[in-house]
Structure formats: structure tokens, C-alpha cells
Amino acid sequence: MVLTSVGKMVALQKQTSGIRNICILAHVDHGKTTLADCLISSNGIISSRLAGKLRYLDSREDEQIRGITMKSSAISLHFVKGDQEYLINLIDSPGHVDFSSEVSTAVRLCDGCIIVVDAVEGVCPQTQAVLRQAWLENIRPVLVINKIDRLIVELKLTPQEAYLHLKNILEQINAVTGALFTSKVLEERAEKESESESISDTAPGDQIYDWSAGLEDTDDSHLYFSPDRGNVVFASAVDGWGFGIEHFAKLYSQKIGIKPAVLLKTLWGDYYLNTKAKKIMKGDQSKGKKPLFVQLVLDNIWSLYEAVMKRDKEKIEKIVTSLGLKIGARESRHTDPKVQLNAICSQWLPISDAVLSMVCNKLPSPLDITAERVEKLMCVGARTFDSLPPETQELKSAFMKCSSEGTAPVIVFVSKMFPVDAKALPHNKPRPLTQEEIAHRRELAKQRHAEKLAANQGKELSEKPPSENSPEGTGNTGDTKGEEQQLTGQVESVTSKATKQEADNKEPFIAFARVFSGVVHKGQKIFVLGPKYDPAESLHKLSSQCPATDELPLVPHMTCCTLENLYLLMGRELEDLEEVPAGNVLGIGGLQDFVLKSATLSTSPACPPFTPLNFEATPIVRVAVEPKHPSDMPQLVRGMKLLNQADPCVQVLIQETGEHVLVTAGEVHLQRCLDDLKERFAKIQISVSAPIIPFRETITRPPKVDMVNEEIGKQQKVAVIHQTKEDQTKIPEGIQVDSDGLVTISTPNKQATLSVKAMPLPEEVTRLLEENSDLIRTMEQLNTSLNEDKKSHEINQKTLDRIKEFKQKLEQNLQGRKWRNAVDHIWSFGPRKCGPNILLHNFEGYKRSVWQCLGNSVKEVSKYRDFDNSIVSGFQLATLSGPMCEEPLMGVCFTVEKWEINKVGEMLSTSTQDSGECDATEHKQSEDTTLTSSCTDEVCSANEHQDNSQSVPKSPEKMSKHKGEALLADCYGPFSGQLIATMKEACRYALQAKPQRLMAAMYTCEIMATAEVLGRVYAVLSKREGRVLQEEMKEGTDVFIIKAVLPVAESFGFADEIRKRTSGLASPQLVFSHWEIISSDPFWVPTTEEEYLHFGEKADSENQARKYMNAVRKRKGLYVEEKIVEHAEKQRTLSKNK
Ligand SMILES: Nc1nc2c(ncn2[C@@H]2O[C@H](COP(=O)(O)OP(=O)(O)OP(=O)(O)O)[C@@H](O)[C@H]2O)c(=O)[nH]1
Ligand SMILES: [Mg+2]
């Protein structure tokens, strides 16, 4: 196959109906990159001998070493089928969970995907995850069942067994698709129902609920994978073969004289061939017959493998001639049977043909983009398509047309920014020299040579006598001209080096993008729309036809830039392009300063930003980094910025403490980020802290049994001293704590008193809060705009319904005496106003709640109005860092039971807050003598009109006392600040009054292991505090699948340890799952006789929670209570005895 020229690719880019944008998705190691190699070799980019070994798209060194893909990369391929030509923009994606964000960037640019499944391992966790991602992006999948050779060579299954095994895998994968589809249909149906309900108010009794009705109406047949529909290919990428059943249907229809259509329907399934009657009959197993698939397909493949593996030369030759193949002498004589197999199979059933024809037949071209997908892409967050401005809605047709006419608006989506080696850019690449250039260079070289000769001759003459005696000493005195020349030469080389270095330092970034409409040109000006851009806002200022230039009025989240370079992405290579029409994937240079990670580009200001990518992984592993040499700090900061731009998922933070922190999705991701930082972006040596493990703090109900499982209250307490000592240190003077845990505390100026109680939230409520954090944030925004009387965004009915539903669910879960009316009294969520903790108010005269946006808004006019923000802020601070080790709280409910502000407190604050108002009222006072009871007036009068005694309804002594108090209070700073601090303290003490617990982040972990290493896997799991949830055997294999949970804190090195202990036979996948309470009490000390007996006085046996807590405290530089020397006397005696 000859290499396709760039010119040909450019021509193909213009035929939109022949374009297929596809990505390859699968679980880790199922063979995506190997399959991509086979497809690439069909275009002659790599040799077919190397296909599968080279892993061409794994261009990074660490990808090659580790053997896993870490980034998604694209390549364009040319495919001819019959008289149709296709351009296939293929994106290979990583399968490792740590890089699942790269999968998100790939699926966004595609219209279809190839799902690869390992025939032995079957459906794995990431297979499900990628199917879900494809589903969420509305792209259509086809299936490749890969590594079928393993069924023959490793598992040694018979063709019949293999058929059942494959059938099983298909069932599994269809079950996953079915589940995705059903949930969506039910959701849509519920939506429709609620809409129709709101239109026609039928009596509730009339409705009959038929849950399956929606499912029956919808045609979902195209969704399922089935060989007879042509969307499944069976393959072995490593051996270079693959087929869809239509290939065999065609072949055998001639041989046995059955119509291809009939064969196509029956080749897969429970049918068998009745040779006597020349008929295909249904039902095989019951009659002990071979299914057609086994007889006509698998048997052949099996016998070929058998012949080659047994080196049966005669049989091989027979097969080769009967198939009409030509095998090169080198391959047929090769000692490795794999090479022979590859040579035969890749000719007999070339995998690239099978896969690419399936792609072209079954996957849509960019023209077939569905209205549903367009609407989804255009609506950010909870917005509906109808609420977009009309100019924006019109753009939908541009998407659907995917037109490459000059008049079509240009819409481009950038899904990630990736760094490339400056040398890889087409204009930096060495190109072949022209004849003239060669002649010119030759001339120059001749001149140089002549000069050198002349110089040498001169040198020899002048230097001869001294150089003989002292070669080093006087050697320099000689030829000055030569030296000068040398020097200038050096300077030149130094400067050229400097400029080269400069070029090296500037890490060029290329945008990974797709054109959804219009044609982009090199040098074109275009709008860059950030994720928060709102077209409605800019359409006031600009017309929708306004061209992109630099001199435009400022619109938030919109800038204008020039597309400096356009590239055709060819794996490791880039090719320059002048223009790219709609429907193609491309690289764009020059966006580095405008786009951080992803963006929407358009020539129309009416274009909305695309919905953000769906990321499946949560970044959880944190480390602090610092340069080895402190002077390298600027490079580190710059490097971290670049890293942030280059990776879709990494988070780069500078903490309040000044630490530079990287947050990554897992250990492998962390390693890659650090390597990149060291070698590419910062180019300095760095030191990395141990992983910072996040914890949460919470409280629980008092335990019913003690540490030795005795019921509490029944035993004798022998060490009450301990306990009281602890308590004393916890609660200082001036703070009252009652037996119920209600903490009462006053502000430093004694003008306000707060009573706060902490309670654990039920687990379901915490979960609900976590799941709905986006909704809570939206509520918060709505409430703020309501409070500020701003013309708020029109509240979308769907959002309101979701809020109502959320409220209802909370009410259902907060039942019982303790929680009476609690939901109505929710004042705030925290931390950051959207976290999993609740603040309630439970005192007279206050009504504000978070449900304002539902319409029952109450204008608060009570005395508390001015300060309620301070209380909420205090709560936010308290929930952001708890008392145990300054980690955020989770699942705690604080109730403000009492809030008293005495008069002076009120006055004080208003006087400091509203001093402007004071002057105004002064005037008013002089005019009319009666005073209002407003506190502002009182303060004014107290301070400035003391002599006007009849107008002040208070005695002079009282007044002066108040004044004194006011002055005293002033030294504590603004009242609102005091309230914040007091509220925070109150919350912390309220927490400490209850049994506190740490919560650990947990991974779920799936491990596949064979029976013989199962024991070792369990040993590693239990050593690391893991808990096995489930263990099941994969049907038809001896592989066990173990599902377990494992604390993140214990997970470092886990994957490595498992791999080592099992000699690589088991490898785990870790994904963050949830937070779990660590049952032990970090402050626990033995208090009862039994506990003393069991744990000893010091109780220094392992207390996991305390260990974690102290580690965090140490890291944060907080005080850690540690006994260093317990019995010092003993040491003294020892030394004396010596
Ligand atoms: N026996 C067999 N091995 C295969 C086949 N295809 C791929 N492999 C092997 O499986 C391993 C993983 O292949 P890759 O192509 O790197 O897998 P991948 O899906 O790209 O992996 P990630 O990108 O890391 O998710 C390699 O060692 C391949 O040689 C196959 O058809 N049969
Ligand atoms: Mg790969």
C-alpha cells in the first residue's frame, strides 16, 4: 500500500459524506493501540510486519516502557471500498482509569466509536465506563471482540466452547447497553408524563401506570451488538486477522448454494446445517449439532492455528493453496509460528478491511449528527434549548447541515491542548534540499575548506619554533587572525544556540479540535468563547453577524484570536494545512495564550459554549512539589502552569500555606505528571512530598458498647482522670456546654450570645447532599440574585422541579422528633455553600431559608438581618476545617438554638456599618423632635446629643454606661467579624462535645486473578485494610473477579505490590468511590477495668484513626500530642548500673 499524499487527504476532507470521525475505546490492555497499528499499516504509514509491535500511536517514551497508552492521539487514514473513498479520522484513547479524562476529550470530537473487548476477560469495569461515555455523548458504537487467538492458544477451548464463550460476552455487553438505554427511556417517559400532567390536570385515580409502555414503543434494535447486523467483528489484532460474518456468508453462499441473505441471518445463532436436505435448521444443542458459526467459521480458524502451532508443513501448504494465498519465503521458513500465522491470517482475513468496512457501513458521517446531540452540546448546565436567544437557536441548523460553504458560520470545539515537540512542527522539520541549495552549499563548503588550508599554512610558518618546545605555554601568541575567526565563530554558535534554546523553552501547544460547521482558514480571526460565556449578554452589544476583530467592546468570557496554523494530525507527525472544512478533526496552533484546556471557537457571537466534557475520574491523589534548588521556583511555577494546560484532568493549586500542590487521578497519572514536569515543562529537579491524603471529619452517635464490646454504663470506670483531663483541655472557660452538647458562647464584646448544637446527619442525607451539590450551587445563585433584587435569570421550570424533588427527598430522610421542621429551617449548606453539611436555625423570629427560590421568599425585617451573613460565614469556616486535623467536615448538622443580640450590640454594629446614615438622621432629628425607635438614631443620640436629654428615652447614667461599653467593645474590632469568629468557635466546640470521627476516602478496586494467586491477593488486601465485597468466577475461565474497597491512604504502591506478589497475574483498577467513617475514636483512651486489662494503661496498640490524624497534623505543622519518654527514671538507673 502506498502512502497517501497530503493533497489526497485535503481532497477527501471536502467530501463530508465520506468522513468518519471515530475513536477506539476499551478497558486497559484490551488491544486498542494494537488494533490502531493494524489500521495504520493498511495505509503504509508503518510496515505490516511491525503492526502490533510498534504501537505507533504510543509516541511517548513512558508509554512504550509501561506498555499503556496515556493520552489520546489522532491519525487520518484513507480507505477505499468499492468505488467509494473514505477519510477516517481515528483517535486512539487510553484505557487506564487514571486517564479516563483523555477518553472524554476523544469522544467529544467523534461521531462513532469502536468498542474493543478482550475475548478472555470480557466486559470489564472500564468497558462499562466507556460505553457510558459514548452513550452520554450520543455517539454510535460498533464492537470488536479482540484476542480470539487467546481462546485457542491460552485457554485451549474447542470451537464449540469458544462459540458459547463469545455468545456470553455478547450477552454481557448487550446487557450493559440495555441498562443504559432503559434508564434513558424511562427518564424521557417520566419527563413527558410530568409535562402532560402539568398541562391537563387529570384526577390522580384515573391513571394506570404501565411501566413498560415506553420501552415497547421505542425501536432500540440498532443499539444492540449482533454479528448479523454487521456491527461486530471477531479479531486477533496481534495476528492481524478479523472478520465480520458477512465475509463468510458471501464465501459460503457460493460454496453451498444458499442465499447470502439467509446465511447472514443464520450464521450467528442456534442454527445448523442439514447437509442431506441442504437446509438450515433451527436449534442445535438439543440435537447435538454444531452451530453454523462453529462449523463454517471457527473450525477453519482452529485447524489453521493447530497446523501452524504443530508445524505441520503439509497441512499448512494445503490450507494456503486452498485459500489462494501467497506467503513469502521468509515468513514460511520463519522459526516462530506466530510470524507464519500473521503472514497467513493477515492475507486471508485482513483485520483492517473488516474493521474499516464496518466503520464506514455502520457509523455515521458528520452529516448525520442528530438533533438531540446538537441540543445537548448547545445547552450548558440546566438551561434548556428553548431558553437560548433566537439567534443562537438558529445555529442549530448550521450544526445539522455541517456545511462547508463560505457563508456558513464557523463553529469549532477544542477539547484539549497538547504539547508537541517544537522539532515536530512542519516548519521546523528538515526537508529535502533543492538542487540550487545543494550547489550553493557545496560552494560555501569549498570556500571554507580553502580558507582553512590557508590559515593552517600561515600558522605552521609562524608557530613552528615555539610550538616545538612548549606546546601549551606560548601557543596562544601566534596567529591572531585565526583566533579572531574562531572567536566570532564561537559567538555565532553561542547566539544561535541561545535562540535555539529560546525556541526550545517555548513549549508549543496544539489545540485538539473539530470543525462542526463552516471552513476554518489559516490566519482567520475568530471568537474564543469560554465555558461561562452567555450569548444573550453579548448579543445586546454586538450583532450576531459581527465579524471577529480585536476592536470590539468588552464582553465577559469572550476574546478574539487568530488561527495561526492548521494541522492535519498524523499520529507523531503534523502536516500543514491551509484550510479545514466542516466535519474534520484538526490541530490548531497559536491558541496557547487564549485557551486553557478546552474552548468553543466561532465566527458568530451568537454561538453558545459547548457543554463541558463529562469527566468520570475524580482527582484525588495530592502531592506537594518544590524545586530542589530554591532559586528554581519561577521555573517550577511556569512548568506547573504548562502542565495544567496540557492535562485535562490534573489540578494545580497553590495552597494558603504556599505549597504548590498537584492533584491527580491516581498513582500512574501522578507519575506521568511528575515526569512531564521534570523533563518537559519545568526542566528542573524537584522534590515531591509523600501523597497528601484527604480526610473528612464528622461526628457520630455515642457508641453503645466500649472497645471490648461491653455495654457502656455497666462497667466500673477506673480511669476517669484521663477523661476529665481531656475534657478540660478541650473546653476553655467562659463557654458553657450542657449535657446535650449545646454550646453557649458570647462574642468578645459580650453583645451577642450564640447557642449551637451539632448532630450527625443520617447517611442518606449526606449522600443526597453530595449528589446534588450542583443543584445546591444553583439554588445559592438564585437566592443571591433574589436577595439583591437583581433581575434574575428566568428560573427554569425543570430546575425548580429538581429543587422541589430534592427538598422532598430531604424531608423523607429527615424524619422523627429530632428533625421536626428541619428542612424548612435550613439556613445554609457548607463548606463553600454547597457541601455536605447543614446549618439550621431554630430560634424565634427568623425565617430566611435556602428555599427562597421556590417562591416562598420572605423579606426578613427583623433585627438579625444585618448579621445573618456573619453567622453563615462562621459556619462556612467551621465546616471547611474541623478541630481534629483541620480537614473539611462531612455529614454534620449545626443548629443555632439561640441568638441574642443586646441593644448595644445592635447599635454598635449599625453605627460602624451605617455611619453615613448617621449624618442623614442627624438632620432629620433637628427638624422633628420625636425620635424613631431605630437603633441608628439611638446611637447617634447617645454619642452626640447627650445634652438633649428629653428626646432620649433613657437616663443619662445608663447612656454613659452604654458609651463606655461601646468603647470597650470597639477594641475587639468590627462586630460582624466578632460574630464570624464566635460562630466558628461555637461550631468547633459543639463538634467536640460529640464523639468525633475521621472519614477516610475509599477506592473501589476490581482485581482479576486466577485461582492460584487468589490467596496472595487477599493477603495484600487485608494487610492494607481492604475489605472484600464480592468474589465471583468468570464463566468459562478460571479467573476470579474480586471487588473490594480500600482506603486511599493505604493504596500507594498497592497495584505494584499485587503485581509483584502474583507475578503479574493480577492487576487492580482503583477508582475513587466514597467516604467512609473510620470506626475507631482518635481520642480514645482506656477508661474501664476491662479496657485496661485488654489494652494496658498506655493503650499504645494501633489506633488507626489517631495515626491518620497525627500524620495530618504533623504535615500541617499543628501540635501533636506525643509521649516521647515514658519512664525516664528507668533510663537513669540503667546508666547508673553501668
Ligand atoms: N494474544 C493477543 N494479544 C494481544 C492482541 N491484541 C493486543 N494484544 C496484546 O495486549 C497487550 C496490550 O495491547 P495494547 O494495544 O497496548 O492495549 P491497549 O488497549 O492499547 O492498552 P491501553 O492503551 O494501555 O489501554 C499487548 O501486549 C499486545 O501485544 C491479540 O489479538 N491477541
Ligand atoms: Mg493503548
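This text follows the structure it describes.
Summary of the structure given here.

About the cut-offs
- Residues numbered from 1 in each chain as written.
- Chains lettered and ligands numbered in written order.
- Predicted model: local features only at pLDDT ≥ 70, side-chain atom pairs only at ≥ 80, totals over all residues.
- Heavy atoms only, no water.
- Donors = N, O, S within 2.8 Å, 3.2 Å for Na, K, Ca; no water.
- Helix = DSSP H or I, 4+ residues; strand = E, 2+ residues; numbered from the N terminus.
- Buried < 20%, exposed > 50% of the residue type's maximum accessible area, 1.4 Å probe, protein only.
- Pairing = 2+ DSSP bridges.
- Phe/Tyr/Trp six-rings, centres within 6.5 Å; stacked < 30°, edge-to-face > 60°.
- Lys NZ or Arg CZ within 6 Å of the ring centre and 35° of its normal.
- Axes fitted to C-alpha atoms, helices over the stretch in contact; angles between N-to-C directions.
- Expected span 1.5 Å × (residues − 1).
- Contact = heavy atoms within 4.5 Å.
- Core = buried A, V, L, I, M, F, W, Y, C linked by side-chain atoms within 4.5 Å.
- Near = heavy atom within 4 Å.
- Polar contact = N/O pair within 3.5 Å; in protein donor to acceptor, adjacent residues only side chain to side chain.
- Areas by Shrake-Rupley, 256 points an atom, 1.4 Å probe, with all protein chains shown as cover.
- Parallel < 35°, antiparallel > 145°, perpendicular 65-115°, else oblique.
- Left-handed = near helix turned anticlockwise from the far one by under 90°.
- Nonpolar A, V, L, I, M, F, W, Y, C, P; charged D, E, K, R; others polar.

1. Describing the coordination of the magnesium ion (ligand 2)
Within the first shell, the magnesium ion (ligand 2) binds the protein through T33 (OG1) and T69 (OG1), at distances of 1.8 to 1.9 Å. Of the two residues, T33 sits in helix 2 (residues 32-41) while T69 sits in the loop between helix 3 (61-66) and strand 2 (73-81), which places them 36 residues apart along the sequence. Classification of T69 as buried rests on a relative accessible area of 7%.

2. Overview of the pairing of strand 18 (residues 585-589)
Of all five residues making up strand 18, five are buried, and the element is well covered by its neighbours. Neither face of strand 18 is open: one carries V585, G587 and G589, the other L586 and I588, and all of them are buried. Relative to strand 18, strand 11 (residues 509-517) is paired through five bridges, and the arrangement is antiparallel. In the sheet register, R514 faces strand 18, and the bridge partner there is V585. Pairing of strand 15 (residues 565-570) with strand 18 involves three bridges; the strand directions are antiparallel. The residue bridging N565 from the neighbouring strand is G589, located in strand 18.

3. Examining the pairing of strand 11
Counting buried residues along strand 11, nine of its nine residues qualify, which places the element largely inside the surrounding structure. Pairing analysis gives eight bridges linking strand 10 (residues 411-419) to strand 11, with the strands arranged antiparallel. Counterpart to F418 in the pairing with strand 11 is I510.

4. Notes on the packing of aromatic side chains
Applying the stated criterion across every chain yields a total of 24 aromatic pairs. Plain terms: the ring middles of F695 and Y1108 are 5.1 Å apart, the flat faces sit at 35° to each other, and that makes the pair tilted. Of this pair, F695 sits in strand 24 (residues 695-699) while Y1108 is found in helix 36 (residues 1104-1115), placing the two residues 413 residues apart along the sequence. The same class applies to F695 and to Y1108, which are both buried. Clustering of aromatic rings is evident, with ring pairs tying together Y163, F234, W241, F243, F248, Y252, W268, F293, Y305 and W348. It is K396 that lies over the ring of F385; its NZ or CZ is 5.2 Å from the centre. Above the ring of F512, the side-chain terminus of K416 is found at 5.3 Å from the ring centroid.

5. Concerning the sheet that holds strand 25 (residues 736-737)
Across the sheet, which stays open at both edges, the six strands sit in the order 25-26-27-30-29-28 with mixed pairing between neighbours. Two strands bound the open sheet, and with one partner strand each, they are strand 25 and strand 28 (826-830). Bridge analysis of strand 26 (residues 743-746) against strand 27 (residues 752-760) gives four bridges, and the strand direction is antiparallel. Residue T744 lies in a different strand from strand 27, and its bridge partner there is S755.

6. Some remarks on the sheet that holds strand 21 (residues 651-654)
One open sheet accounts for four strands, arranged 21-22-20-23; its pairing is antiparallel. The sheet terminates laterally at strand 21 and strand 23 (686-688), the two strands that pair on one side only. Ignoring strand direction, the axes of neighbouring strands in this sheet form an average angle of 30°. For strand 20 (residues 621-627) and strand 22 (residues 660-664), the ladder comprises five bridges, and the chain directions are antiparallel. Residue pairing for strand 22: R622 is matched across the bridge by V663.

7. Side note on helix 36
Here helix 36 spans 17 Å end to end across twelve residues, near enough to the 16 Å set by a 1.5 Å rise per residue. Among the residues making up helix 36, those that are buried are Q1104, A1105, Y1108, M1109, N1110, V1112 and R1113. In this structure, the buried residues of helix 36 make contact with strand 24 and strand 31 (996-1010). Downstream of helix 36 by a residue or two, G1117 has a phi angle that is positive, lying close to 75°.

8. Digging into the nonpolar core
Most often, soluble globular proteins keep nonpolar side chains buried together rather than apart. I114, I588 and L591 are the most contacted members of the largest nonpolar core, which totals 115 residues. Element by element, the count of residues in this core is highest for strand 31, at eight residues. With residues up to four places along the chain from it excluded, the contact list for I114 reads I22, C23, I24, L25, L35, V142, V144, V355 and V359. Residues I139, L263, V308 and F418 belong to the second largest nonpolar core, which totals 106 residues.

9. Comments concerning the site of ligand 1
In the vicinity of ligand 1 lie 19 residues, with K32, T33, T34, T69 and D149 positioned nearest. In the model, an oxygen atom of ligand 1 is placed 3.3 Å from a nitrogen or oxygen of the H30 main chain. A distance of 3.3 Å is found between an oxygen atom of ligand 1 and a side-chain nitrogen or oxygen belonging to S236. When ligand 1 sits alone it has 640 Å² of accessible area, and the protein chains cover 84% of it. Those elements that place two or more of their residues in the shell around ligand 1 are helix 2 and helix 6 (148-153).

10. A closer look at the packing of helix 11 (residues 292-309) against helix 14 (residues 337-348)
Their axes nearest at 9 Å, the elements helix 11 and helix 14 cross at an angle of 150°. With respect to helix 14, the axis of helix 11 lies roughly antiparallel. Handedness of the crossing formed by helix 11 with helix 14: right-handed. Residues N300, I301, L304, Y305, V308 and M309 of helix 11 pack against P337, Q340, L341, I344, C345 and W348 of helix 14. Partitioning the contact of helix 11 with helix 14 into residue classes produces ten nonpolar, two polar and no charged.

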